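These are the residues of each chain, in order.
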Amino acid sequence: MKNLEALSKDQVNDTNASIFDDLKSKLNMVPNLYATIANSGVALKAILEYGNTLGGGELSGKEAELIALTISQMNSCHYCLAAHTALGKMNGFSEDDTKAIRNANYDGDAKLKALATLTKDLAENKGHASEENVKAFYDAGYSKGALVEVVGFISMNVFNNYVNNFAGTDIDFPKAPEL
């Protein structure tokens, strides 16, 4: 038996049933990640609002996907690697770019490289980062506000990764290529 299962609309509270309807209208599906988080009456609404709010900040969708790929690789979350490889491609990354990000050797755009390096440093060091990587991040044109948003995206992705890893969420996106 799984620790957590993806729930159907008739198994969730009214708020989450409404969220399921909204997701289905936007995505033509309710991703298993969200159907699994819906085991909590409040967590699904909270994580979606958190992501929507962060998505309105300084970082682009492409930058958010870079962070998600980096964190998902570090946490060995196969579900999120599949989802964010697909979303990364929709936001302008090539398949090779997604692999390079996951391998921590992305050498494309200098600004994105600074973001990738800082993201990995922050995650590996539990919120601490080298002065060199922080300086490179700022020198690349990012603000202090963007730095706080990076931490926000890291925390959101860790939450999603941990739920998926614990639950063994069934992957409903094309699987990410092996490295």
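Residues numbered from 1 in each chain as written. Predicted model: local features only at pLDDT ≥ 70, side-chain atom pairs only at ≥ 80, totals over all residues. Heavy atoms only, no water.

A. Seen up close, the overall build of the protein. Within the protein one finds 9 helices and 0 strands. Listed N to C, the secondary structure of the protein is α-α-α-α-α-α-α-α-α in terms of helices and strands. Against the globule reference of 16 Å for 179 residues, the protein gives a C-alpha radius of gyration of 16 Å, in line with a compact fold. By its C-alpha atoms, the protein is 50 × 35 × 30 Å across when sized along the principal axes. Burial analysis of the protein (179 residues in total) assigns 42% to the buried set. Summed over all atoms, the accessible surface of the protein reaches about 9400 Å², with 52% contributed by carbon and sulfur. Positive and negative side-chain charges of the protein, numbering 16 and 23 respectively, have mean locations separated by a distance of 1 Å. (Helix = DSSP H or I, 4+ residues; strand = E, 2+ residues; numbered from the N terminus. Rg over C-alpha atoms; globule rule 2.2 N^0.38 Å. Buried < 20%, exposed > 50% of the residue type's maximum accessible area, 1.4 Å probe, protein only. Areas by Shrake-Rupley, 256 points an atom, 1.4 Å probe, with all protein chains shown as cover. Lys, Arg positive; Asp, Glu negative; His and termini not counted. Charge placed at Lys NZ, Arg CZ, Asp CG, Glu CD.)

B. Representation of the layout of surface pockets. Approximately 1000 Å³ is the volume attributed to the largest pocket. In terms of lining, the largest pocket is formed by 35 residues, of which the most central are Tyr-34, Leu-48, Asn-52, Glu-65 and Leu-87. Every element with two or more residues in the lining of the largest pocket is listed here: helix H1 (14-27), helix H2 (32-37), helix H3 (43-55), helix H4 (61-74), helix H5 (78-90) and helix H9 (144-167). A class-by-class count of the residues in the lining of the largest pocket yields 21 nonpolar, 9 polar and 5 charged. Residues of the lining of the second largest pocket, tallied by class, amount to 5 nonpolar, 3 polar and 3 charged. (1 Å grid on protein atoms, 1.4 Å probe; cavity = no way out; pocket = protein on both sides within 12 Å on 5 of 7 lines; lining within 4 Å. Points joined across faces, edges and corners; volume = space filled by probe spheres on them. Nonpolar A, V, L, I, M, F, W, Y, C, P; charged D, E, K, R; others polar.)

C. Examining H9 more closely. With 24 residues, H9 should reach 34 Å at 1.5 Å per residue; the first-to-last C-alpha distance of 35 Å fits that figure. The residue sitting at the N-terminus of H9 and contributing the capping side-chain oxygen is Ser-143; that oxygen lies 3.2 Å from the backbone nitrogen of Gly-145. Directly after H9, the chain includes Gly-168, whose backbone phi takes a positive value near 65°. (Expected span 1.5 Å × (residues − 1). Polar contact = N/O pair within 3.5 Å; in protein donor to acceptor, adjacent residues only side chain to side chain.)

D. Local environment of the pattern of salt bridges. Within this structure, the stated rule accounts for 6 salt bridges. Two residues, Glu-124 and Lys-120, come together in a salt bridge whose shortest N-O distance is 2.3 Å. Taken together, the positions of Glu-124 and Lys-120, both in helix H7 (residues 110-124) and 4 residues apart, correspond to about one turn of that helix. Residue Glu-124 is classed as partly exposed on the basis of its relative accessible area of 42%. (Salt bridge = Lys/Arg side-chain N within 4 Å of Asp/Glu carboxyl O.)

E. Quick peek at the nonpolar core. Grouped together as the largest cluster of nonpolar side chains are 47 residues, with contacts concentrated most on Ile-37, Leu-44, Ile-67, Leu-115, Phe-137 and Val-150. Contributions of two or more residues to this core are made by H1, H2, H3, H4, H5, helix H6 (95-102), H7 and H9. For this core, the element with the highest residue contribution is H9, accounting for 7 residues. Contact partners of Val-150, with chain neighbours within four places excluded, come to Leu-59, Ile-67, Leu-115, Thr-119, Leu-122 and Phe-137. (Core = buried A, V, L, I, M, F, W, Y, C linked by side-chain atoms within 4.5 Å. Contact = heavy atoms within 4.5 Å.)

F. The arrangement of the side chain of Glu-149 in detail. The residue Glu-149 is located in helix H9 in this model. In this structure Glu-149 is buried but unpaired, with Lys-111 as the nearest side chain of opposite charge at 11 Å. Those residues in contact with Glu-149 that lie beyond four places of it in its chain are Leu-54, Gly-57, Glu-58 and Leu-59.

G. Examining the environment of Phe-153 more closely. Mapping Phe-153 onto the fold places it in helix H9. The buried category is assigned to Phe-153, whose relative accessible area is 5%. In the structure, Phe-153 is positioned 94 residues away from Leu-59 in sequence and 9.7 Å away in space, judged by C-alpha atoms. Other than its neighbours up to four places away in sequence, Phe-153 contacts Leu-54, Gly-55, Leu-59, Ala-64 and Ile-67.

H. Quick look at the packing of aromatic side chains. Scanning all chains against the criterion turns up 4 aromatic pairs. Both rings, one in Phe-137 and one in Tyr-142, keep their centres 4.3 Å apart while their planes meet at 5°; by these two values the pair is stacked. Taken together, the aromatic side chains of Phe-137, Tyr-138 and Tyr-142 make up a single cluster linked through ring pairs. Sitting over the ring of Tyr-142, Lys-111 keeps its end group 4.6 Å from the ring centre. (Phe/Tyr/Trp six-rings, centres within 6.5 Å; stacked < 30°, edge-to-face > 60°. Lys NZ or Arg CZ within 6 Å of the ring centre and 35° of its normal.)

Don't take any of this as a statement about function, it's just geometry.
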